[in-house]
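So you can see what is in the structure, the chains are spelled out below.
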Amino acid sequence: MAVPADSDPGNPAPPALDLPAVHASHSGCWLRGVDLFPSTRTVGKGEAIVAAADTPLLMLNAPLVASRLGYPDLSGLDLLELYAFVHPARFVVPTPKGLANALGLPQPAGDADVPLLLQQAAQALLATTAAPDWPEREGAWSALQSMIKLRWPWATLLTGQIARPERAERWLFSRLPEWDEAGERPQPAQVVLDPQAVETRLATLTGAGAEDRPGQRAFAREAAQMFAPRRGARQPHVVLAQAGTGTGKTLGYLAPASLWTQQSGGTVWVSTYTKALQRQLRRESARAFAMPPPGSKAPPPVVVRKGRENYLCLLNLEDALQGGFTGRPAILAHLVARWAAYSQDGDMIGGDLPGWLGTLFRKRGIAALTDQRGECVYAGCPHYRKCFIERAARASAEAELVVANHALVMVNAARGRDVAQRPTRIVFDEGHHVFDAADSTFGAALTGAEAIELRRWVIGPEGKSRGRRRGLSARLADVASYDEGGATAITQAREAAELLPGDGWLARIGEGTPDGPVERLLAAVRATVLARDESGGTEAGYGLETEAAQLDGPMLEAAAGALEALEDLRQPLLRLTLRLEAIVEEGPDWLDGQARARIEGARSAIQWRTDLLAGWIALLGRLGGPADPDYVDWLALDRSDGREWDMGLHRHHLDPMKPFAEVVLAPAHGVLMTSATLTDGGDWSGAITRSGAARLEVQPELFAAKSPFDYPNQAQVLIVTDVPRGDIAALAGAYARLIETSGGGVLGLFTAIRRLRAVHGRIADRLARAGLPLYAQHVDPIDTGTLVDIFRDDPRASLLGTDALRDGVDVPGQSLRLVVMEQVPWPKPSILHRARRMAAPREEGGAQGHDDRIIRARLAQAFGRLIRSAEDKGHFVVLSSAFPSRLLSAFPEGTPVRRVSLEQALQSIAGRVDEAVLASKVESSP
């Protein structure tokens, strides 16, 4: 099967699979055949497409290759699919270089060498499956038999490699371990941490010979104050700590946290905003908490906890494997099943499932394998005792440290099923995002997409829809058969839910034929928004919005009809909740432990929907009346590239820290909010307001530690003054020249997706021909986390992105040496922003001060991507001639800031590049 590869006789190359391979980048296409004397040649896109149509070609990341060729129907032998089968739950950067490193193969010197690498990689992976020491062998033969029937392209090649096992392999669902029930955990002991003991613990974590960081020691002592016994009800200890980049705040708070859990027997929650920090915490927490040995049944001391929609649902997977998925999605399901057997915790979003796996399959079946709609049947599920979600929930109840995200912490505090397990000692890392997370968590949105999901949750499958989705009557069938009142409530809820939007609602509204009171409301919202729009977005295809004020008669009539329909649904759900509570109290004969758990789960889910309906009803009830000063209401029409995809009414708190203070802070005993950008240039007033502490009349402890980095010598800020705003050609030219001068390693940040795509389309080919790969969010069919992995792995690569890359991206070293912002990150002029801007206190600068704080925070977060270690050096470039001087305080004190022309900026960057080259030559010299 293998053929000789191009090689030096003295250094033979690895064997290569005798199948043709294709590689496509922005600089061209290369095809390698399997002739007697195989060679790689440059081909045009048309020839590459014809070759792929004639015979299956080896390729890496088929959707990306298809995008490069401009041929979306491309298919072949994707090495990423083979890698996911052979090495499930094992990390690999999905690039030729990353694949070579993962398999121990020589890295390709250039694009022309990639096809040979693909042949070598294919041979290496196939050889692994025949090796007796293949660690992921179990389950592979059985999975392969199913994938043969699905005509998976790799199945034929694997058939001769994977031997049939002597004994039948166990089915996945019998191989997964079961979780164990544990008794209720006692309250934590009340302890006061000794500052010297905290410093000693910190020294142990950092290790002998570690760099002395006075700021880190001071931070750890300050963080320890959150663990002191609470002085009174609704009086938590609140610590606000600004720790500059490089302070070492992660170990700074893990030191007192681990000491407190050891002495008190309690649990500390660490909440983050980004998945990148969660992964970092998983690694660094191993220093602070003693991990059980492999194979131990002891509960893990550290648990990463996420929302239900992040975990693999075993019931959904079983349905997919047994016919719920067909074609390519079915192949995805079998690859996910391979991963599930080896996964650490079943986390599909940011866990050990490769982020690129879902993007290989056009229908994005990953979401269909999770519990997106809250339809879990809990103990009624045959896989309940092996459920990843339930295991994580139980593990977090026993853990010393729980790593979660801001939204989950807030939701868990608001409606966690077990009050005793709600977090009481919480560290909010990336604390500058707490306000935004609270704004999203405590807001309400009555939209078409939300309403149809509620209908599906109540009714279940309708018409020809497939899958295991179940309505209330199916999930509570035994309750309906036992309790007449419960059965009546379920029937009434189902009848009322039929008035919610159903399949095809968006098309009906577009055609002017809405069906039912809620669809009529949505149609009225659409008409009102289109009539009132003054933003210019109608022609541009952007989303539109208008405030919910001065509404006309037809709009108010539609709102009244929808309100009545929603109330008709809410009432039977309330009655059903009461009947479920009565059944639990009565304890009938059939109510065993599993049935009780299922009913408790159903009660929680129904309560969630009841609260959702109450929010919608309150929103509709306010329309036409006097404005509520605590809320901001508006109507929105959501569009993307001119296509409407949702519409509805929205309500947000003017200050979301008001509900945050009541739901999260008031029950807590200690809270630490920390970030490198918590304050606005050292002004604590905004940080205190946005912490929620003032809502409880709690005076927080304040702490600040400057970054230890030498910013005057490590970084420069260059404000380029001669790139005209709105000139896409000039903007693209500036980006191209900056990337070329820097030799890659550029993170480009955009405030608009349309401009990002326009710039990428103009410069990607040019840069690729210079050996400088360019990747982009919203362009490349790759998830954001994987894009960052690719960027980090290749110092000559550059990455363009939007807000998601402005913080939470940790790329130290040469891979990131230049950050470019296409303009000042002005706040989006939305209805909500306008309301908060107008309400800004005059003593804090009023409306202008409100905007400036937002912009400076965004600039500081973006600048924070540049210098991540004491060795890093780089430039921060803003392509804006209208950069106000009052915003310069966003950058660290002492950082050189210059207003320059593009040519001057290029000279400065080129000088830094020359210095780096010279330094590397000096280091490498004998």
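Residues numbered from 1 in each chain as written. Predicted model: local features only at pLDDT ≥ 70, side-chain atom pairs only at ≥ 80, totals over all residues. Heavy atoms only, no water.

### Quick word on empty space enclosed by the protein
Short version of the rule: Cavity and pocket criteria rest on a 1 Å grid covering protein atoms alone: a 1.4 Å probe that fits but cannot get out defines a cavity, protein on both sides within 12 Å along at least 5 of 7 lines defines an open pocket, and an atom within 4 Å of a point defines a lining residue. Grid points are joined across faces, edges and corners, and a volume is the space filled by probe spheres set on the points. Charged means Asp, Glu, Lys or Arg here, nonpolar means Ala, Val, Leu, Ile, Met, Phe, Trp, Tyr, Cys or Pro, and polar covers whatever is left, Gly included. Where helices and strands are cited, they refer to DSSP runs of H or I of at least four residues and of E of at least two residues respectively, numbered from the N terminus.
Enumeration according to the criterion identifies three cavities of 30 Å³ or more in this entry. Every residue lining the largest cavity is counted, 14 residues in all, and those nearest its centre are Cys 313, Leu 315, Cys 376, Cys 381 and Cys 387. Residue composition of the lining of the largest cavity, grouped by class: 10 nonpolar, one polar and three charged. Of the volumes computed, that of the second largest cavity is approximately 80 Å³. Lining the second largest cavity are 13 residues, and of these Cys 376, Arg 475, Gly 601, Ala 602 and Ala 605 lie nearest its centre. Elements supplying a minimum of two residues to the lining of the second largest cavity: helix 19 (472-475) and helix 26 (593-622). By residue number, the principal contributor to the lining of the second largest cavity is helix 26, which donates five residues. Here the residues of the lining of the second largest cavity are counted per class, giving nine nonpolar, two polar and two charged.

### A short note on the packing of aromatic side chains
For clarity, the threshold we go by: Whether two aromatic rings pair depends on their centres lying within 6.5 Å, for rings of Phe, Tyr and Trp, where Trp uses its six-membered ring; planes under 30 degrees apart make the pair stacked, over 60 edge-to-face, and the rest tilted. Partly exposed describes any residue whose relative accessible area lies between the buried limit of under 20% and the exposed limit of over 50%, with all areas from a 1.4 Å probe on protein chains only and scaled to the type maximum.
Summed over the entire model, instances satisfying the criterion amount to 13 aromatic pairs. Measuring from ring centre to ring centre gives 5.7 Å for Tyr 711 and Phe 863, while their planes differ by 50°; the resulting arrangement is tilted. On the criterion of sequence distance, the pair formed by Tyr 711 in helix 29 (residues 711-714) and Phe 863 in helix 34 (residues 846-863) is long-range, its members being 152 residues apart. For the pair formed by Tyr 711 and Phe 863, the shared burial category is buried.

### Brief notes about the state of the cysteines
Defined as follows: In this description, a disulfide is simply a cysteine sulfur pair whose atoms lie within 2.5 Å.
Evaluated as defined, the whole model comprises zero disulfides. Sulfur of Cys 313: no disulfide; nearest cysteine sulfur belongs to Cys 381 and is 6.3 Å away. A residue is classified by how much of its surface remains accessible, and Cys 313, at 12% relative accessible area, is buried.

### What about the sheet that holds strand 8 (residues 237-243)?
Cut-off, in case you're wondering: At least two DSSP bridges between two strands are needed for those strands to be called paired. Where helices are involved, their axes are fitted lines through C-alpha atoms of the stretch in contact, as for all axes, and angles between N-to-C directions lie from 0 to 180°.
If you trace the seven strands from one edge of the open sheet to the other, you get 10-11-9-12-17-8-18, paired in parallel fashion. Strands at the two margins of the open sheet, each flanked by one partner only, are strand 10 (302-304) and strand 18 (701-705). Each strand of the sheet is rotated relative to its neighbour by a mean of 15°, with strand direction disregarded. Relative to strand 11 (residues 401-405), strand 10 runs parallel, the two sharing three bridges. Bridged to Val 303 within strand 11 is Val 402.

### Description of the environment of Leu 749
To be explicit about the condition: The contact criterion used is simple: two residues touch if any of their non-hydrogen atoms lie within 4.5 Å.
Structurally, the position occupied by Leu 749 is in strand 20 (residues 746-749). Separated by 71 residues in the primary sequence, Leu 749 and Val 820 place their C-alpha atoms 6.1 Å from one another. Look past the residues within four positions of Leu 749 in its chain and what remains in contact with it is Tyr 735, Gly 801, Thr 802, Leu 805, Arg 806, Val 819, Val 820, Met 821, Glu 822 and Ala 862.

### Let's talk about the side chain of Thr 250
Mapped onto the elements, Thr 250 comes out in helix 11 (residues 249-264). Not counting residues within four places of it along the chain, the set of residues in contact with Thr 250 comprises Gln 280, Leu 281, Glu 284 and Asp 429.

### A few points about the sheet that holds strand 13 (residues 444-447)
Here four strands make up an open sheet; going across it, the order is 13-16-15-14 and the pairing antiparallel. Whereas interior strands pair on both sides, the edge strands pair on one side only; in this sheet they are strand 13 and strand 14 (544-547). Direction aside, neighbouring strands of the sheet carry axes that sit 20° apart on average. Relative to strand 15 (residues 631-640), strand 14 runs antiparallel, the two sharing four bridges. By the bridge assignment, Glu 547 is partnered in strand 15 with Trp 634. Set on the sheet, helix 23 (residues 517-532) makes contact with strand 13, strand 14, strand 15 and strand 16 (643-653); between it and strand 15 the angle comes to about 85°.

### As for helix 17 (residues 434-441)
Residues Val 434, Phe 435, Ala 437, Ala 438 and Asp 439 constitute the buried set of helix 17. Of the surrounding elements, those touching the buried residues of helix 17 are helix 16 (406-415), strand 12 (425-428), strand 16, helix 27 (657-665), strand 17 (670-675) and helix 33 (831-839).

### Comments concerning the pairing of strand 20
Residues in a regular strand project their side chains so that they alternate between the two faces of the sheet. Covered by surrounding structure in strand 20 are Val 746 and Gly 748 together with Leu 747 and Leu 749, the residues of both alternating faces. Sheet topology places strand 20 next to strand 23 (residues 818-821); four bridges connect them, and they run parallel. Considered in strand 23, the bridge of Leu 749 is made with Met 821. Of the pairings in the sheet, the one linking strand 20 to strand 22 (residues 798-801) comprises three bridges and is parallel in character. Bridge pairing in strand 22 links Gly 748 to Leu 800.

### As for the layout of surface pockets
Looking at the second largest pocket, its volume works out to about 750 Å³. Lining the second largest pocket are 34 residues, with His 23, Pro 96, Asp 111, Pro 773 and Tyr 775 positioned closest to its centre. Secondary structure elements with two or more residues in the lining of the second largest pocket: strand 3 (21-25), helix 2 (62-69), helix 4 (96-103), helix 5 (114-130), strand 21 (774-776) and helix 32 (784-793). Looking at the lining of the second largest pocket element by element, the count peaks at four residues for strand 3. Here the lining of the second largest pocket is composed, by residue class, of 19 nonpolar, nine polar and six charged.

### Here's the deal with unusual backbone geometry
Even without glycine at this site, Glu 430 takes up a positive phi of about 50°. Inspection of the secondary structure assignment puts Glu 430 in the loop between strand 12 and helix 17. We classify Glu 430 as buried; its relative accessible area is 9%. Within the chain, Gln 550 stands out as a residue other than glycine whose phi angle is a positive 55°.

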